Amino acid sequence: MSMLCQVCKKRPAKVHYTEIVNQSMVAMNLCVECAEERGIDVHKTGNYGLGDLVAGLIDTAVDSEAERITKVRCAGCGYEYSDFKKIGRLGCPQCYDAFEAQLVPVLRHVHGSTQHAGKKATAHSERAALRDRMAALREDLSLAIRAEDYERAAAIRDEIRGLEAQVEEGS
Amino acid sequence: MSAFDANELVGHPGAWMEGTGEENEIVLSSRARIARNLSGHRFTHHCDNAELGAIMRKSLDGALRTRVFAQSRVAAMGEISSQDRQLLAERHLVSRDFLFNSASRGLVFTPDESVGLMINEEDHLRIQGFASGFDLGTAFRRANDLDDQMAPELELAYHQRLGFLTACPTNLGTGMRVSVLIHLPGLVHSKEIHKLLESLRKLNHSIRGLYGEGSDTMGNFFQLSNSSALGTPEDVIVKNLREMVLKVIAYERRAREMLFRKAQTLLEDKVWRAYGLLRYSRSVNTKEALSLISAVRLGVGAGLVKDVPVRTLNELLVYIQPAHLQMRQGTTLDPQERDVARAAYIRDALANAAH
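If you're wondering where the values come from, they're calculated on a predicted model, not measured in any experiment.

With respect to the packing of helix α8 (residues 234-280) of chain B against helix α9 (residues 286-301) of chain B
Residues and elements named next belong to chain B.
Link 1 in the chain: The contact between α8 and α9 brings their axes to 8 Å, and the two run at 125°. The orientation of α8 relative to α9 falls into the category oblique. Crossing angle aside, the handedness with which α8 passes α9 is left-handed. Every residue of α9 that contacts α8 at Lys270, Val271, Ala274, Tyr275, Leu277 and Leu278 is listed here: Leu292, Ala295, Val296, Leu298 and Gly299.
Link 2 in the chain: Considered class by class, the residues forming the contact of α8 with α9 number nine nonpolar, one polar and one charged.

Comments concerning the interface of chain B and chain A
Link 1 in the chain: Facing the 41 residues of chain B at the interface are 38 residues of chain A.
Link 2 in the chain: With four residues, helix α7 (residues 193-202) of chain B is the largest single contributor of residues to the side of chain B that touches chain A.
Link 3 in the chain: Tallied by class, residues from the side of chain B that touches chain A come to 18 nonpolar, 15 polar and eight charged.

Points about the nonpolar core
Residue and element names in this part refer to chain B.
Link 1 in the chain: Counting residues in hydrophobic clusters, the biggest one holds 97 residues, and the most contacted among them are Leu107 and Val178.
Link 2 in the chain: Here the element with the most residues in this core is α8; it accounts for eight residues.
Link 3 in the chain: Setting aside residues up to four positions removed in sequence, Leu107 forms contacts with Ala75, Met77, Leu88, Leu93, Val94, Gly116 and Met118.
Link 4 in the chain: One finds Val271, Leu278, Val284 and Leu350 within the second-largest nonpolar core, a separate group that totals 28 residues.

Some words on the sheet that holds strand β10 (residues 205-208) of chain B
All names here are of chain B.
Link 1 in the chain: Strand order in this open sheet of nine strands is β1-β3-β4-β5-β6-β2-β9-β11-β10, and the pairing throughout is mixed. Strands with a single pairing partner mark the edges of an open sheet, and in this sheet they are β1 (2-3) and β10.
Link 2 in the chain: For strand β3 (residues 73-76) and strand β4 (residues 106-109), the ladder comprises four bridges, and the chain directions are antiparallel. Residue pairing in the sheet places Val74 in a bridge with Val108 of β4.

Side note on the environment of Leu143 of chain A
Link 1 in the chain: Locating Leu143 of chain A in the fold gives a position in helix α6 (residues 123-146).
Link 2 in the chain: Leu143 of chain A sits 30 residues away from Ser113 of chain A along the chain, and the two C-alpha atoms are 31 Å apart.

What counts and how
Residues numbered from 1 in each chain as written. Chains lettered and ligands numbered in written order. Predicted model: local features only at pLDDT ≥ 70, side-chain atom pairs only at ≥ 80, totals over all residues. Axes fitted to C-alpha atoms, helices over the stretch in contact; angles between N-to-C directions. Helix = DSSP H or I, 4+ residues; strand = E, 2+ residues; numbered from the N terminus. Parallel < 35°, antiparallel > 145°, perpendicular 65-115°, else oblique. Left-handed = near helix turned anticlockwise from the far one by under 90°. Contact = placed C-beta atoms within 7 Å. Nonpolar A, V, L, I, M, F, W, Y, C, P; charged D, E, K, R; others polar. Core = buried A, V, L, I, M, F, W, Y, C linked by C-beta atoms within 7 Å. Buried ≥ 20, exposed ≤ 12 C-beta atoms within 10 Å, placed from the backbone. Pairing = 2+ DSSP bridges.

So, in structure tokens, the structure goes:
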């Protein structure tokens, strides 16, 4: 989990610097927006007004904990996480669900976010997405049953029922 | 809809070469690219030919139902000559990847080349909108209109939290990359460019050569784009890049002023020598030509060279490339012959501009 901005407590902290308050040093960790509000030019460097003090300090840390798991396989296309690490491309849209735990730190590193904002799919594509998700869950369900993990199987079954209800509402 | 015709294509400049638009000397063109994939299919690189064919049929079918493509040209990359593929890449209508992987790859574009759709590139669908000069809004609107019109025709791979799903996680979310093709001789000569590149990288923007990923930066031409696509709405991505480019333009202007203040005569000499070489030389390779065109462009920006329109300079960048020269000559040329044909083309273009 990356550090949150200490002012808004919502966005990730990307600007780290030290402020002198009442003659003592205080470490500040702010998001870009809050830093700008405080008059810190995050785009400043050298003669060029870009980055300056701040440029070297922007977060580039990637959690490595999840990267250790590379043996997960996508039910949709048979891709393994290690294939992604080798090729840099995922195998199919379902891979995003299969490798979610491993991808979250990658997304945070690349985009500074793990939550889409902006244009949404049409209802038509939304239903297709739900169908894909259900197909992946059914695979998981049969795996859970085979492994005699009935608690997990029940949870997956409930999730599938929830999605089925959504599909019916939407149609 | 009709089949792509190479002669029609080279007969007129593309929409982005017009030389119109804001800041048209420094910013040559603006582009928006939107990546989409079909639900229920593997990503392109993981598909066999049968699956690529199925994706191609569905995509083409959906694309040709849109109003944007009511008038359009279609090219099956596997069925056209390698010279024609090269021609399309030189006009930025297809990526260089299409030169090497062409089976079951396709291109649809409007006759004015303002909107294009690559099928089975890294993602199943890569929509491109182009505009001349510094006009990211128009480029985005052109790409976005096609996306809006195509979406109801296709089942797209979408995730409630992650947005539009793409083969590479760097494009995830909006699937959008907006970019400008920008001319930065001032920053290159003052050696400030590396500092700028480093800063841009840290601010989630990236900069590459004239023909995109992995290509050299020649003639001081660069592509500047956003590098984050997830978590920020499309209009904000456009606004952020616009602000970034405005800053870069201001640095470029300042660097040019400094250079002219420090070495006015030297720079004027460089500009006019370049003009003289382009106007009279009998053989020139691409790299040298780009560097000379850059110097003349700098001279046009500084008001020294008055009889070369920006449009001519933009067209030169495309028409001096190998496939364009060969189309014009109607025959294949070896590298030495190309250098001669290139010099002749440039002489004609500058002589026409001067009249």
